[in-house]
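Below, each chain spelled out in residue letters.
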Amino acid sequence: FFRGAVLLRFRGVLLPSAFATFPSTRIRWLAMAIEGLSAGDTAWVMISTALVLLMTPGLAFFYGGLVRGENVVNTMMMSIIAMGVSSLTWVVVVFSLAFGGKENWFIGDFSRAMLWNMEGELWPGTSIPALLFMAFQMTFAIIAPAIISGAVVERIRFSAYMWFIFVWSIVVYGPVCHWVWGPGGWIEDLGGKDFAGGMVVHESTAVSALILARSVGRRNLGGDTHEETVPHNVPFVVLGGALLWFGWSGFNGGSSLAANEVGALAMVNTYIAAASSLVTWALIERCCAEKYSATGAITGAVVGLVVITPAAGYVSPFGALCMGLIGCILVYPAFLSQCGWSHWADDSLDCFPCHGIGGFVGTCLTGIFAREGGVLYGGGFRLLGVQIFAAVVTATYSAIMTRIIYKLLSLCITFRVDLQAELGGLDDALHGGFAYDGNPASPSKFDSRKGSLMASTNRSKAAVATGATDAATGSTDDSGSGESDSAEP
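Draft legend 1. Structural context of the overall build of the protein. Secondary structure summary: the protein contains 17 helices and two strands in total. Partitioning the intrachain contacts of the protein with sequence separation of at least 6 by distance along the chain shows that 74% fall at a separation of at least 24. Summing over all exposed atoms, the protein offers an accessible surface of approximately 21,400 Å²; the carbon and sulfur share of this is 65%.

Printed below as a string of structure tokens:
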């Protein structure tokens, strides 16, 4: 089909002679003939990669439902943009910093920058292609900065957030990832265990989120600056949480990097811990508030997923059940508004309690319930000590570097939107429109001025009650219209 081309036969397929000039390794790659490759393992990790990637849109729905109606587009976009910025940053340099080099305790090198010379080879110690390993790890690098957005929504400039996650991925995520999973990382050399990212993903992001929230400042809610908001769209929250749970099958199960018993154990433990934490959270709410809230239940499930992440492939199913139960009991008080950091920093969507406290608790419980080296299995306290030390160092490094990044970027860019945009909603100010047909109020009659669905509902109930009283007494207002002053147009 090429004029003048000479056809040659390669494995029963006719190819133009131009392919003969390709390096032999490239032809082997094109022919899918990588020696030692496992089709089953490769298929499972490919599926897991897609599952983890789906978690970021799930997080977008989860966060989007929790904010006020006039900020839902901006909030969701902060997760979606991470799929672009973090992916490119990972491919160009961060993957090499995390997994490149040989036996460096702090950080890798630039040997794998731009995925240099990675075609046609297996990732060391696995039976999957090196490029697939890169893609799987990239999905972790995508959702990590997206988690941070939950602490600073409704007040941060979109361009400033993009610059922040770009620098943060290089300065914080790359080194921490190398410490735990990279060749020669010091946490791995100490014997620390982090199966799927309790320290790498959850703790580092949550601490960074808290510091960034403190640096940017509190939200202006149009009245009392300490006024709490409630979810403007509970179905969004439930949908997002369900997608996160679904994607966590690959997040933990795929971290075995093989279709084997360890992956199956990790997936089973993931489901058990999430279910245990969900039920525990619902029961605690029933005892404390006498109600079972949908937002609380799905939040409890996410907490269980965070807690089990560092231990998913190391503990028994019974251990996973206990970790979900204990983790929920320990993390639940951190969500209460009376906690110290809620006054120190305005963590908009409770990123730090969920991912920071949950990640720390899960890391520590790994040292107790791990079948190899855990306290309950006769391993003594060495592993527990290593887990605590590694978690503290990770949190400290993340906090210090986040503050430095913010200070340096603040010299060049402005992080905070102006007051008018903040009060009017970032959807229109930054993205040119609202989520709900140009109206900042959601279909659930969300009161955008007060930021409270409960306040709107209570006023409606008061209006109904007043109307009923007036009907019974025959009284009207001064204008004679018979309408209550509490009623809203």
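Draft legend 2. Summary view of the confidence of the model for the protein. A residue-level look at the protein finds 80% of positions with pLDDT of 70 or above and a mean pLDDT of 83. Segment residues 442-489: pLDDT under 50, and 43 contacts once partners within four positions in sequence are set aside and those in other chains are kept.

Draft legend 3. Quick look at unusual backbone geometry. Even without being a glycine, Glu154 presents a positive backbone phi close to 75°. Secondary-structure assignment places Glu154 in the loop between helix H4 (130-148) and helix H5 (158-181). By relative accessible area, which is 1% here, Glu154 ends up buried. Backbone geometry at Glu290 places phi at a positive 60°, although glycine is not the residue there. Here Glu290 is to be found in the loop between helix H9 (261-289) and helix H10 (294-308).

Draft legend 4. Region of interest: the layout of surface pockets. By volume, the second largest pocket amounts to about 590 Å³. Taken together, 27 residues make up the lining of the second largest pocket; nearest its centre are Phe99, Phe133, Trp181, Glu188 and Leu257. Broken down by secondary-structure element, the contributors of at least two residues to the lining of the second largest pocket are H4 and H5. Ranked by residue count, the leading element in the lining of the second largest pocket is H4, at four residues. Class assignment of the residues belonging to the lining of the second largest pocket gives a composition of 14 nonpolar, ten polar and three charged.

Draft legend 5. Just the packing of H4 against helix H7 (residues 198-216), in detail. One can describe the packing of H4 onto H7 by two numbers: an axis separation of 8 Å at closest approach and a directional angle of 30°. Judged by the angle between their axes, H4 and H7 are roughly parallel. Crossing hand, H4 versus H7: right-handed. Each of Phe140, Ile143, Ala144, Ile147 and Ile148 in H4 lies in contact with H7, whose residues at this interface are Val201, His202, Thr205, Ser208, Ala209 and Leu212. Within the contact of H4 with H7, the residues separate by chemical class into eight nonpolar, three polar and no charged.

Draft legend 6. Looking closely at the packing of aromatic side chains. All chains considered together, the criterion is met by 27 aromatic pairs. Here the aromatic cluster, defined as three or more aromatic residues joined through ring pairs, consists of Trp90, Phe95, Phe99, Trp123, Phe133, Trp168 and Tyr173. Taking the ring centre of Tyr314 as reference, the NZ or CZ of Lys193 above it sits at 4.7 Å.

Draft legend 7. Representation of H10. The end-to-end C-alpha separation of H10 is 22 Å, in line with the 21 Å expected for 15 residues at 1.5 Å each. Residue Ser293 occupies the N-cap position of H10, its side-chain oxygen lying 2.9 Å from the main-chain nitrogen of Gly296.

Draft legend 8. Just the packing of helix H2 (residues 39-66) against helix H3 (residues 72-99), in detail. As a packed pair, H2 and H3 sit with axes 8 Å apart at the nearest point and diverge in direction by 165°. With respect to H3, the element H2 is oriented roughly antiparallel. In this structure, H2 meets H3 at a crossing whose hand is right-handed. Residues Leu53, Thr56, Pro57, Leu59, Ala60, Phe61, Tyr63 and Gly64 of H2 touch H3, and the partners they reach there are Val72, Thr75, Met76, Ser79, Ile80 and Met83. Here the contact of H2 with H3 is built from residues that sort into ten nonpolar, four polar and no charged.

Draft legend 9. Representation of the state of the cysteines within the structure. Taken as a whole and judged by the stated rule, the model has zero disulfides. Its sulfur unpaired, Cys287 is 6.4 Å from the next cysteine sulfur, which belongs to Cys288. Cysteine Cys354 is unpaired, with the sulfur of Cys351 as its nearest cysteine sulfur at 7.6 Å. Residue classification places Cys354 among the buried positions, given a relative accessible area of 8%.

Draft legend 10. Quick look at the side chain of Thr89. With respect to the helices and strands, Thr89 occurs in helix H3. Contacts of Thr89, omitting those with residues within four sequence positions, involve Val94, Phe166, Ser169 and Ile170.

Analysis parameters
Residues numbered from 1 in each chain as written. Predicted model: local features only at pLDDT ≥ 70, side-chain atom pairs only at ≥ 80, totals over all residues. Heavy atoms only, no water. Helix = DSSP H or I, 4+ residues; strand = E, 2+ residues; numbered from the N terminus. Contact = heavy atoms within 4.5 Å. Areas by Shrake-Rupley, 256 points an atom, 1.4 Å probe, with all protein chains shown as cover. pLDDT = per-residue confidence, 0-100. Buried < 20%, exposed > 50% of the residue type's maximum accessible area, 1.4 Å probe, protein only. 1 Å grid on protein atoms, 1.4 Å probe; cavity = no way out; pocket = protein on both sides within 12 Å on 5 of 7 lines; lining within 4 Å. Points joined across faces, edges and corners; volume = space filled by probe spheres on them. Nonpolar A, V, L, I, M, F, W, Y, C, P; charged D, E, K, R; others polar. Axes fitted to C-alpha atoms, helices over the stretch in contact; angles between N-to-C directions. Parallel < 35°, antiparallel > 145°, perpendicular 65-115°, else oblique. Left-handed = near helix turned anticlockwise from the far one by under 90°. Phe/Tyr/Trp six-rings, centres within 6.5 Å; stacked < 30°, edge-to-face > 60°. Lys NZ or Arg CZ within 6 Å of the ring centre and 35° of its normal. Expected span 1.5 Å × (residues − 1). Polar contact = N/O pair within 3.5 Å; in protein donor to acceptor, adjacent residues only side chain to side chain. Disulfide = S-S within 2.5 Å.

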